Amino acid sequence: QALRGRRASWNLLDVSISADEFMSRCRYQGITALLYHCMKGRTEWPGWPQQVRSALEQGSKAGIAEDLVRWHYLSILMEQFAKRGIRSLLMKGEALAITHYLTPGTRERCDVDLFIHMNDIDAVKQAANQAGFAIASTVYKTHQFILRPDSEAYSSAAFDVHWRILNSPRFARVLEFDEAYEDSVEVPRLSNARMLNSPDALLIACMHRLGSDRHDKNRLICLHDIHV
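This text gives an overview of the structure that appears in the document.

Conventions we followed
- Residues numbered from 1 in each chain as written.
- Predicted model: local features only at pLDDT ≥ 70, side-chain atom pairs only at ≥ 80, totals over all residues.
- Heavy atoms only, no water.
- Helix = DSSP H or I, 4+ residues; strand = E, 2+ residues; numbered from the N terminus.
- Rg over C-alpha atoms; globule rule 2.2 N^0.38 Å.
- Buried < 20%, exposed > 50% of the residue type's maximum accessible area, 1.4 Å probe, protein only.
- Contact = heavy atoms within 4.5 Å.
- Areas by Shrake-Rupley, 256 points an atom, 1.4 Å probe, with all protein chains shown as cover.
- Phe/Tyr/Trp six-rings, centres within 6.5 Å; stacked < 30°, edge-to-face > 60°.
- Lys NZ or Arg CZ within 6 Å of the ring centre and 35° of its normal.
- Pairing = 2+ DSSP bridges.
- Axes fitted to C-alpha atoms, helices over the stretch in contact; angles between N-to-C directions.
- Core = buried A, V, L, I, M, F, W, Y, C linked by side-chain atoms within 4.5 Å.
- Salt bridge = Lys/Arg side-chain N within 4 Å of Asp/Glu carboxyl O.

## Some details on the overall build of the protein
On a plain count of helices and strands, the protein comes out with eight helices and seven strands. Over its C-alpha atoms the protein spans a radius of gyration of 19 Å, differing by no more than 12% from the 17 Å that the globule rule assigns to 228 residues. For the protein, the C-alpha atoms occupy an extent of roughly 55 × 35 × 30 Å along the three principal directions. Evaluated residue by residue, the protein yields a buried proportion of 46% over its 228 residues. The contacts in the protein between residues at least 6 apart in sequence include a share of 63% that link residues at least 24 apart. Summed over its atoms, the accessible surface of the protein is roughly 11900 Å², and 49% of this surface lies on carbon and sulfur atoms.

Take a look at the structure:
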């Protein structure tokens, strides 16, 4: 109800749920920061348990901090790409966080997804190395590899680099890089980076929901991506 902008009184919930269980569910659904920003100014907010309100606020602050770290490393990586003429596209949660959410920190995510042309894989590796990133996974048939800053202190700033739009064989070739890049738009506040346009972002969000058994297709943050 809260995420839909409707009245969300605490007493409408299952009275047997504890504050800890509620927060555990919020974290699983990826909505801690989003729920806080949706609720904090509403008349029902003071009626929520203090423990829940405090936990949601702390989760929101953590989301903002993580977003700043990711943005810092994204800027460094995009600068190296620009110097080498490497084209890339932001997609999934990171792109939507910038353009479709209240603030980027309200869209929880554990990494940044980048789409590249498969011919640029070696160039991306070289650029990433120059920017202080290390490859943290094997380049394999999943059509992706993971980059992380060399410092373990920033292990949350992971970059999933894809040369197919999705890993699922069912959807991997639905949208090719050149086609997506032609219709792409600039990333706000980062002029040397581009991202999927809204129709393509919606397409990816819908396909991603059904594209892997490893993902909960009914996770609220993914459904909210489609909604926004």
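More follows now that the structure is in view.
## Some remarks on unusual backbone geometry
Its identity is not glycine, yet K92 carries a phi of approximately 60 degrees, on the positive side. Tracing the chain through its elements places K92 in helix α4 (residues 92-99). Even without being a glycine, R189 presents a positive backbone phi close to 70 degrees. Structurally, the position occupied by R189 is in the loop between β6 (185-187) and β7 (190-195).

## Here's the deal with the environment of F159
Mapping F159 onto the fold places it in strand β5 (residues 158-162). A sequence separation of 89 residues divides F159 from R70, and the C-alpha atoms of the two residues are 9.0 Å apart. When sequence neighbours within four positions are dropped, the list of residues in contact with F159 reads R70, Y73, L74, L77, V112, L114, F133, F145, I146 and L147.

## Quick notes on the environment of G93
Looking at the element boundaries, G93 is found in helix α4. For G93, a relative accessible area of 7% corresponds to the buried category. Each C-alpha atom, one on G93 and one on T103, is 12 Å from the other, the two residues being 10 residues apart in sequence. When neighbours within four sequence positions are excluded, G93 is seen to be in contact with R107 and R109.

## Observations concerning the packing of aromatic side chains
Considering all chains together, one arrives at 10 aromatic pairs under this definition. Site record: aromatic cluster; members linked through ring pairs are W10, F22, Y36, W45 and W48. Sitting over the ring of Y181, R87 keeps its end group 5.0 Å from the ring centre. Seen from the ring of W71, R189 lies directly overhead, with NZ or CZ sitting 4.5 Å from the centre.

## Things to note about the sheet that holds strand β3 (residues 133-135)
Spatial strand order, β3-β4-β5-β2-β1-β7-β6: seven strands in an open sheet with mixed pairing. If you trace the sheet from one side to the other, it starts and ends with β3 and β6, each paired once. The mean angle between the axes of side-by-side strands here comes to 40 degrees, regardless of whether they run parallel or antiparallel. For β3 and strand β4 (residues 144-149), the ladder comprises three bridges, and the chain directions are antiparallel. In the strand pairing of β4, I135 is matched with L147. Most of the contacts of α4 go to strand β1 (residues 88-91), to which it runs at about 75 degrees, and overall it touches β1, β2 (111-116), β5, β6 and β7.

## Quick notes on the nonpolar core
Among the nonpolar cores identified, the biggest contains 29 residues, and L77, L90 and F159 are the most heavily contacted of them. At the level of elements, α3 (50-84), α4, β2, α5 (121-130), β4, β5 and β7 are the ones that each hand at least two residues to this core. No other element matches α3, which puts six residues into this core. Among the nonpolar cores identified, the runner-up in size contains 23 residues, and A2, L3, M23 and A201 belong to it.

## So, the pattern of salt bridges
Per the counting criterion, the structure on display carries nine salt bridges. Note that R109 is salt-bridged to D67, the shortest N-O span being 2.5 Å. In this pair, R109 sits in the loop between α4 and β2 while D67 sits in helix α3, placing the two residues 42 residues apart along the sequence. Each member of the pair, R109 together with D67, is buried. Here D178 and R87 are joined by a salt bridge, their closest N and O atoms 2.9 Å apart. Of this pair, D178 sits in helix α6 (residues 177-182) while R87 sits in the loop between α3 and β1, placing them 91 residues apart in sequence. D178 gets classed as partly exposed once you look at its relative accessible area, which sits at 41%. R87 gets classed as partly exposed once you look at its relative accessible area, which sits at 30%. Within this structure, D67, R70, E94 and R109 form a network of salt bridges that share partners.

Spatial relationships are all this shows, so hold off on functional conclusions.
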